[in-house]
Structures are given as C-alpha cells and as structure tokens.
Amino acid sequence: TAVPTTSPTTSVVPPPRPVDAAAVARTRELDSAHVFHSWSAQKLISPMVVTGAEGSWVYDAEGRPLLDFSSQLVFTNIGHGHPKVVAAIGEQAAKLATVAPQHAVDVRGEAARLITSHLPGSRLNKVFFTTGGAEANENAVRAARQHTGRRKVLARYRSYHGNTQTAIHLTGDPRRWANDSGAEGIVHFFGPYLYRSVFHSSTEAEECRRALEHLEQVITLEGPSTIAALVLESVPGTAGIMVPPPGYLAGVREITRRHGIVLILDEVMAGFGRTGTWFGYDVHGDGERIDPDIVTIAKGVNSGYVPLGGVVLSDEVAATFDERAFPGGLTYSGHPLACAASVATLRAMEDEGVVEHARHLGEDIIGPALRDIAARHAVVGEVRGTGVFWAVELVKSRETREPVVPAGATGAANAPMAAFTKACLSRGLLPFVNGNRTHVVPPCTVSDDEARWGLEQLDAALGEVF
Ligand code: PLP
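Residues numbered from 1 in each chain as written. Predicted model: local features only at pLDDT ≥ 70, side-chain atom pairs only at ≥ 80, totals over all residues.

- For the chain, the name recorded in an unreviewed UniProt entry is Taurine--2-oxoglutarate transaminase, with Quadrisphaera granulorum as its organism.
- UniProt, in the comment section headed Sequence similarities (unreviewed entry), describes the chain in these words: "Belongs to the class-III pyridoxal-phosphate-dependent aminotransferase family." (UniProt positions renumbered as here; feature names shortened; annotations may be inferred.)

Encoded structure:
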C-alpha cells in the first residue's frame, strides 16, 4: 500500500507561466467594478484571478500553478483542457453552434444514450436536459408531482440541491434560510451520519437501521398518500461527503416503493466517476437493485466545459407524459455545444479508464494517506469518503467533536479555516474548504504522484496551522 506522506515529490509541479501584469490588474479592476459574485458580501471578498488551467492545475495571478483539490465546484472530473473535449466543442460550433430544444440533433441523442448507458437500472432511458443541477432538481420534482398527483416532497437535512426556488427549499443546509418561504410542501428528515449521529448510534449498521426507521415514521406522520417524491443525494457532497452505510439506499428504495413515492436521486456532484463508480448510488455495488425512478445530473456529465444538466426519467415516469404535455422547458435545454462536450467527455472517460482510476486513487492513495494524516494530527476528527470524494473534519477536541469553527462562521470566527486555506495556497494547493471541513475532491484524472504531492501539502498546512 502506498503511504504518500514520507518523501516530498516536487517533480510533479509544472513550471510557472508568464503573465501580463497589466492584464491581471485590468481583470481585477473589471471584476471589482462590474461582476456581482455568488453567495458573497461584495466588499468583503477579493476573488482569486485565474490566468489559465490545464489538467489538474490552475494558474494564479502570478502564473503560479496550484493543484486543484477542489475541481472548482467539484465539476472538472476529467480535469481542465482535455484536448478531445475542447476539439469536440470547436467542431460542434463550426457545424451547428445552437439549435432549439424542439429539434432532433445527433449530439443530443448520443449524449442521452451515453448517459443512460452508464446508469445502473434498466428503466432509466430518457433525459430531459437542463443547463445545470438546480434546474434538474426543479424539473424532477415537477415530473414526480405530475406523475403521482401528490404535492409533498421529502428531502434530507445536510444536503444541497441548488439555488432555484424548489431546489433551495429542498436544500437542508443553512443556505436555505434566507430564501425560505416555508410554503413549498417540503419536509426534511435526517439521514445517516454516524460521526454526528442524531440517532445516538454507535455502528454503521445501527445508524442505517435507525435512519430508515426514522424515515418510515416521517412518512407515516406526513401521510404517505400526500408525498410525491423523496429527493436524496446518493452521497451528500457539499454538506460533508457522507457515504451512506451499505443497505441505506436500498432501504430507502424499499420504503418509497411501498408507499408509491417517486425516488429522485441527485447525482449532480456524486455522479460521473467521483465516487470511484459511475454513479454514487452504485458505491456499494447494488445500484441495479436501488433502481431509482429519477436521477438528476450536471457537473461531471461534461466536466462543466459548457453548462449542462439533466433529469433522467424511468420509463414509468416518462410514460405519464406520453399523451399529456410535460409542463416545462428551457430555451437552452440540451445545447449542442454542451452535448458535444458531454459525448466527448463520456467517451474519454470510457477510453481512459477514468472511473477505475478514481476508484484506485481512493483505495490506494487518498484513503490511506488521509487515515495516516488523521493518526498524526489531533485536529482531525474524522476522514471519510470514496474515490476522489473525501472529507476531513477538523475539531477542537476528539472527545467533544466540537468543530474548529462554528457552522456559517465568517471573519474572526473563521480565522483557523482561513489560515488553513492560506497555508494550502502558499504551498501551491487550491483546497476546497466548507465550514470546519476540507474536502479532497481533485479531478478523477489527477495522477498518483500529483495526488500524493497534494496530500503532502495538505498534511504540512494542517501541521502549520493547527
Ligand atoms: N445538487 C447537488 C448535489 C449539488 O452539489 C449542486 C451544486 O453544487 C446542485 C444540485 C446544484 O447544481 P447547479 O449549481 O448546477 O444548479
């Protein structure tokens, strides 16, 4: 087994790139004057200038390479600048740059075929394309409500489903609060999270059983005949990368099927190789049995080269709209440039064994290294994950499990995590930091040596700050 933290490997770091300092200054100026940023107090941020990217590296304002352990917002599954994807976008632009969703075009059909060919379960054969993940969840709920004639939707606390009207209500993290009208018929339940178990479980099997009993109770008390759908990230990502215990998703499937509730699995972040399997719901090898009714996708479907998302519908749900119009549509649904990028991405993933590589990274490099880091740093409360989808939870004390910073901390209260981010950046690592956690979520294509090098930097940054 590889233990990557012993000898520093510097040879993986590409040389810096020359930058035009005046152009960088202009970028800063224009950004500050005219770009309004997501989720931010505009005067309190200073966005990092990115001057280029290739593979698993992005280049900063000085042309310095940073190993991207965030995959941006966890979407560059095949890394930056994949030549086949870049070429496919260019070729499609020259051939047919845009066409409305009502027409039939070759790339759209081929993208849908490739996507459905990798989904475990034989009923998932139709894709309603969107331009991102939130819209996919929005339309998945719409389809489920039309299909069942019911209104309520169950969703998990500690989840993120996007930032449009229904999607933000589904979201079970505090980002919902500011947008919550409280009148959308959405009911939250607790999922399994052994490290901070609300069920006071001490084993995964106990947590699984109790979480399923809790779900059954919520459904009974809400009224099964009022519930259209249950929306669940197969592996909750943004909220902390909680791989479900074996049997949990199969249990949710059994319960939802028994009550006629549509099971919508959100694979926006977990899908397309990140978990070391094509889709997160197959992480324990029982995806065929779980056989969801709807799967929502985005991000890794084309590594974000052109915005694309989708709702994959089972034959039964799709048939609801055989004779009755589906009441939804978007001007840019299934944009040909995005579909061309998806076809090239998925073919490259097949040809290059990207999913197998992601699994190997998790099993042989990232998992062992993070466990080694956890053993040496008292600040690490837990490491957990699979493939290239890992969370490192930082705590003040292993006994109390109190997070190093409180949830939603900003300014001085967030100083330790800000210092950790800074320490990573100064070592050439672009980390993903959320609350008291750092997520290790590099592209699925990061090389073994790059991953080892990044983990060495993370190890050193933890030592420096905590
Ligand atoms: N669902 C999950 C699981 C996500 O992680 C995200 C975004 O991070 C979304 C939905 C929303 O996707 P988008 O930002 O493309 O709308």
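Quick look at the packing of helix α13 (residues 415–426) against helix α14 (residues 448–465)
Each packed pair of helices is defined by two parameters, the angle between the axes and the distance between the axes.
Consideration 1: Between α13 and α14, the least distance of the axes is 9 Å, while the angle of their chain directions is 135°. One element, α13, and the other, α14, form an angle in the oblique class. For the element pair α13 and α14, the recorded crossing hand is right-handed. Contacts between α13 and α14 pair P416, A419, F420, A423 and C424 from the former with Q457, L458, A461, E464 and V465 from the latter.
Consideration 2: Counted by class, the contact of α13 with α14 contains 8 nonpolar, 1 polar and 1 charged residues. (Axes fitted to C-alpha atoms, helices over the stretch in contact; angles between N-to-C directions. Helix = DSSP H or I, 4+ residues; strand = E, 2+ residues; numbered from the N terminus. Parallel < 35°, antiparallel > 145°, perpendicular 65-115°, else oblique. Left-handed = near helix turned anticlockwise from the far one by under 90°. Contact = placed C-beta atoms within 7 Å. Nonpolar A, V, L, I, M, F, W, Y, C, P; charged D, E, K, R; others polar.)

As for the site of the ligand
Consideration 1: Near the ligand you find 16 residues, and of these G132, G133, A134, G162 and V268 are the closest.
Consideration 2: In terms of residue count, the dominant contributor to the shell around the ligand is helix α5 (residues 133–148) (3 residues).
Consideration 3: Of the residues assigned to the shell around the ligand, the class counts are 6 nonpolar, 8 polar and 2 charged. (Near = placed C-beta within 6 Å.)

As for the sheet that holds strand β9 (residues 294–297)
Consideration 1: Overall, mixed pairing links the 7 strands, which are arranged β4-β10-β9-β8-β7-β5-β6 in an open sheet. In this open sheet, the two edge strands, each paired with only one partner strand, are β4 (124–130) and β6 (186–189). Averaged over neighbouring strand pairs, the angle between their axes works out to 20° when direction is ignored.
Consideration 2: In this sheet, strand β7 (residues 227–233) lies alongside strand β5 (residues 152–156) in parallel orientation, the contact comprising 4 bridges. Paired with L154 across the bridge in β7 is L230.
Consideration 3: Together, β4, β9 and β10 (309–314) form the strand contacts of helix α4 (residues 106–117), whose direction differs from that of β4 by roughly 125°. (Pairing = 2+ DSSP bridges.)

Some words on the packing of helix α12 (residues 354–376) against α14
Consideration 1: Between α12 and α14, the shortest axis-to-axis distance is 11 Å and the interhelical angle comes to 15°. By the criterion of interaxial angle, the relationship of α12 to α14 is roughly parallel. Crossing geometry of α12 relative to α14 is assigned as right-handed. Together, L361, I365, I366, A369 and I373 of α12 and D448, A451, R452, L455, D459 and L462 of α14 make up the contact between the two elements.
Consideration 2: In the contact of α12 with α14, the residues fall into 8 nonpolar, no polar and 3 charged.

Some remarks on the sheet that holds strand β3 (residues 65–68)
Consideration 1: Strand order in this open sheet of 4 strands is β1-β2-β3-β13, and the pairing throughout is mixed. The open sheet is flanked by β1 (52–54) and β13 (429–430), the only strands paired with a single partner.
Consideration 2: Here strand β2 (residues 57–59) runs beside β3; their pairing, made up of 3 bridges, is antiparallel. Residue pairing for β3: Y59 is matched across the bridge by P65.

A look at the confidence of the model for the chain
Consideration 1: Summing up the model confidence of the chain, the mean pLDDT is 95 and the portion of residues at 70 or higher is 97%.
Consideration 2: This model gives residues 1–7 a pLDDT under 50, and the stretch forms 19 contacts once residues within four places in sequence are excluded. (pLDDT = per-residue confidence, 0-100.)

Observations regarding α13
Consideration 1: If you check α13, its first and last C-alpha atoms are 16 Å apart, about what 12 residues at 1.5 Å a residue would give, namely 16 Å.
Consideration 2: Residues of α13 that are buried: M417, F420, A423 and C424. Summarising the axial view, the buried residues of α13 lie within an arc of 115°, below the 170-degree limit, and thus occupy one face.
Consideration 3: Against the buried residues of α13 lie β13, β14 (432–434), β15 (437–440) and α14. (Expected span 1.5 Å × (residues − 1). Buried ≥ 20, exposed ≤ 12 C-beta atoms within 10 Å, placed from the backbone. Arc of directions from axis to C-beta.)

Some thoughts on the pairing of strand β12 (residues 389–394)
Consideration 1: Among the 6 residues that make up β12, 6 are buried, leaving the element largely enclosed by the rest of the structure.
Consideration 2: Burial of β12 is two-sided: the residues F389, A391 and E393 facing one way and the residues W390, V392 and L394 facing the other way are all buried.
Consideration 3: Direction of pairing for strand β11 (residues 380–386) relative to β12: antiparallel, over a ladder of 6 bridges. Within β12, the residue paired with T386 across the bridge is F389.
Consideration 4: Between β11 and β12, which pair antiparallel in sequence order, lie 2 residues; one of them, G387, sits at a positive phi of approximately 55°.
Consideration 5: As defined by bridge partners, β12 adjoins β15 across 4 bridges and the pair is classed as antiparallel. Bridge pairing in β15 links V392 to T438.

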